[in-house]
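Inside the fold
The chain contents come next:
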Amino acid sequence: MWSSSHAWLKPTTNPPLRVTCMSPVSVVAPAKLNLSLAVGGPRPDGYHDLATVYHAVSLFDEIIATPGKGLQITVEASSGIDVDSVPLDETNLAAQAALLLAEQTGQDPDVSLHIRKGIPVAGGLAGGSADAAAALLACDALWGVGLGRSELLTLAAQLGSDVPFSVMGGTALGVGRGEHLTPALARGRFEWVFAVAEGGLSTPQVYAECDRLRDGRVLPEPHVSDAMMSALRSGDAVALGQALQNDLQPAACSLRPALLLTMEVGDDAEALGSLVSGSGPTVAFLARDAEHALDIAVSLSASGTCKAVKRAHGAVAGARVAGER
Ligand code: C5P
């Protein structure tokens, strides 16, 4: 457990009167996958311009925020999830979210954040971003701040490229470094199977590998295909399976060639489509329906090509207060 009083954040003027909620607040936030991820060349700020379709799926992290002295982070795993690499200091995105909100609102960052991880760590499923989004909402509720949606999204963008989408949820088009969002016209419920790999991949390393493999090639403006947008509009799972696309996939597979074996197993089980999720190494498979998802999951588990298998559906809502505890 890590604790700090963060005295440097003490406001110089009296903060507005707010009533801190004394009961713990629970917030859940979903994992995401990128149904389409088109990556442009490196920008001077070290990021890459993207055109992406985010899709929130029913794997959740929960944050329980309790009034405390200083800032404390604790983490608990659910089945098949390794939390050893989750930092318990101020590098944890949930801690950064609490500190940012405290700084912006003249609040002392006195809170205990207990994270229950249901999203694989460093898996390309935006688990850290989900924790940041959940911590923002939890501290907002606990401290009685009452931020509006656009203020929340602005703070979320300062915490990471995927954090605004963790707040928003659903299915959305993302541009810029991923933080400028527009809800996508999408219907239907899609059934997914996730093959969780042994160990994570570092997002900056995957982007760097993508640049290396491209070897300075001139790139078109990143864009999302018409086939993808039309599959979402019609809710057609077969068309969606064919339109899945990820420019980071060759880089993730170059750093982790074993992912190709995992993908073969899903193809043999007749998944409608498959792709590396975000920067990986989790691989997502689209199933025809819940029964087919179970078949794919059984094949993946039996193959021994991944550490764990999870089923989920999309799209689901973004981070939301689940209640006081
Ligand atoms: O925004 P976030 O902190 O999640 O990004 C982590 C890293 O991923 C960045 O430091 C950068 O190396 C890479 N990245 C990128 N282009 C993006 C998003 C992330 O190069 N659009």
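Here goes a summary of the coordinates provided. Note that the coordinates shown come from a computational prediction; the quantities given were computed from them, not determined experimentally.

**Comments concerning the packing of aromatic side chains**
The final tally for this structure, using the stated rule, is one aromatic pair. Here Y54 and F165 contribute two aromatic rings whose centre-to-centre distance is 4.7 Å and whose plane-to-plane angle is 10°, an arrangement assigned as stacked. With Y54 in strand 3 (residues 48-67) and F165 in helix 4 (residues 163-168), this residue pair connects regions lying 111 residues apart in the sequence. Overall, F165 belongs to the buried group, its relative accessible area being 1%. Over the face of the ring belonging to Y47 we find R177, whose NZ or CZ atom lies 5.1 Å from the ring centre.

**A short note on the site of the ligand**
Around the ligand, the neighbouring residues are G46, Y47, H48, L50, G160, S161, R177, T203, P204 and Y207. Interatomic distance of 2.6 Å between a side-chain N/O atom of S161 and an oxygen atom of the ligand. Burial of the ligand by the protein amounts to 75% of the accessible area it has alone, namely 450 Å². It is helix 5 (residues 203-214) that provides the largest number of residues to the shell around the ligand, a total of three residues. Here the residues of the shell around the ligand sort into four nonpolar, five polar and one charged.

**Digging into the side chain of Q107**
Along the chain, the position of Q107 falls in the loop between helix 1 (93-105) and strand 5 (111-117). By relative accessible area, which is 14% here, Q107 ends up buried. With residues up to four places along the chain from it excluded, the contact list for Q107 reads R18, T20, A102 and W143.

**Quick word on the pattern of salt bridges**
Using the criterion set out here, one finds twelve salt bridges in the structure. As a salt-bridge pair, R116 and E62 come within 3.3 Å of each other at their nearest N and O atoms. Of the two residues, R116 sits in strand 5 while E62 sits in strand 3, which places them 54 residues apart along the sequence. Here R116 falls in the partly exposed class, since its relative accessible area comes to 30%. Look at E62 and you get buried, because its relative accessible area is 12%. Linking E179 and R177 is a salt bridge whose minimum nitrogen-to-oxygen distance equals 3.8 Å. Each of the two residues, E179 as well as R177, counts as buried. Where salt bridges share partners, they join R43, D45 and D49 into one cluster.

**Thoughts on the packing of helix 9 (residues 259-268) against helix 10 (residues 290-303)**
Close contact between helix 9 and helix 10 brings their axes to 9 Å; oriented N to C, the two are set at 140°. By the angle between their axes, helix 9 is oblique relative to helix 10. The element helix 9 and its partner helix 10 pack so that their crossing is right-handed. In this structure, helix 9 contributes T262, V265 and G266 to the contact, and helix 10 contributes S299, L300 and S303. The residue makeup of the contact of helix 9 with helix 10, split by class, is two nonpolar, four polar and no charged.

Criteria and thresholds
- Position numbers for residues start from 1 in each chain and track the written sequence from start to end.
- Per-residue local features of the predicted model are confined to residues with pLDDT of at least 70, and side-chain atom pairs are confined, for both listing and counting, to 80 or more; whole-chain, interface and lining totals are unaffected and use all residues.
- Think of the side-chain values as coming from all heavy atoms in the structure, minus any hydrogens and water.
- Only Phe, Tyr and Trp rings take part, Trp by its six-membered ring, and two of them pair if their centres are within 6.5 Å. Stacked means planes under 30 degrees apart, edge-to-face means over 60, and tilted covers everything else.
- Under the scheme used here, helices are H or I runs from DSSP no shorter than 4 residues and strands are E runs no shorter than 2 residues, and both carry numbers assigned from the N terminus.
- Only protein chains enter the accessibility calculation, which uses a 1.4 Å probe. A residue is then buried if its area is under 20% of the maximum for its type, exposed if over 50%, and partly exposed in between.
- By definition, being over a ring means that NZ of Lys or CZ of Arg is both within 6 Å of the ring centre and within 35 degrees of the ring normal.
- In these notes, residues near a molecule or strand are those with any non-hydrogen atom within 4 Å of it.
- Any pair of nitrogen or oxygen atoms within 3.5 Å is treated as a polar contact; in protein, a donor-acceptor pairing is required on top of that, and neighbouring residues in sequence qualify only through side-chain atoms on both sides.
- Using a 1.4 Å probe, accessible areas were evaluated by the Shrake-Rupley method; residue-level cover was limited to the displayed protein chains.
- Each residue is assigned to one class: nonpolar for Ala, Val, Leu, Ile, Met, Phe, Trp, Tyr, Cys and Pro, charged for Asp, Glu, Lys and Arg, and polar for all the others, Gly among them.
- Only heavy atoms enter the contact rule, under which two residues are in contact if any of them lie within 4.5 Å.
- One side-chain nitrogen of Lys or Arg within 4 Å of one carboxyl oxygen of Asp or Glu is enough to make a salt bridge.
- Here an axis means a line fitted to C-alpha atoms, over the contact stretch when the element is a helix, while the angle between two N-to-C directions is reported on a 0 to 180 degree scale.
- Angle categories are assigned with fixed cut-offs, so that under 35 degrees is roughly parallel, over 145 is roughly antiparallel, 65 to 115 is roughly perpendicular, and the rest are oblique.
- Less than a right angle of anticlockwise turn of the near helix away from the far helix marks a crossing as left-handed, whereas a clockwise turn marks it as right-handed.

Just geometry here; none of it tells us what the structure is for.
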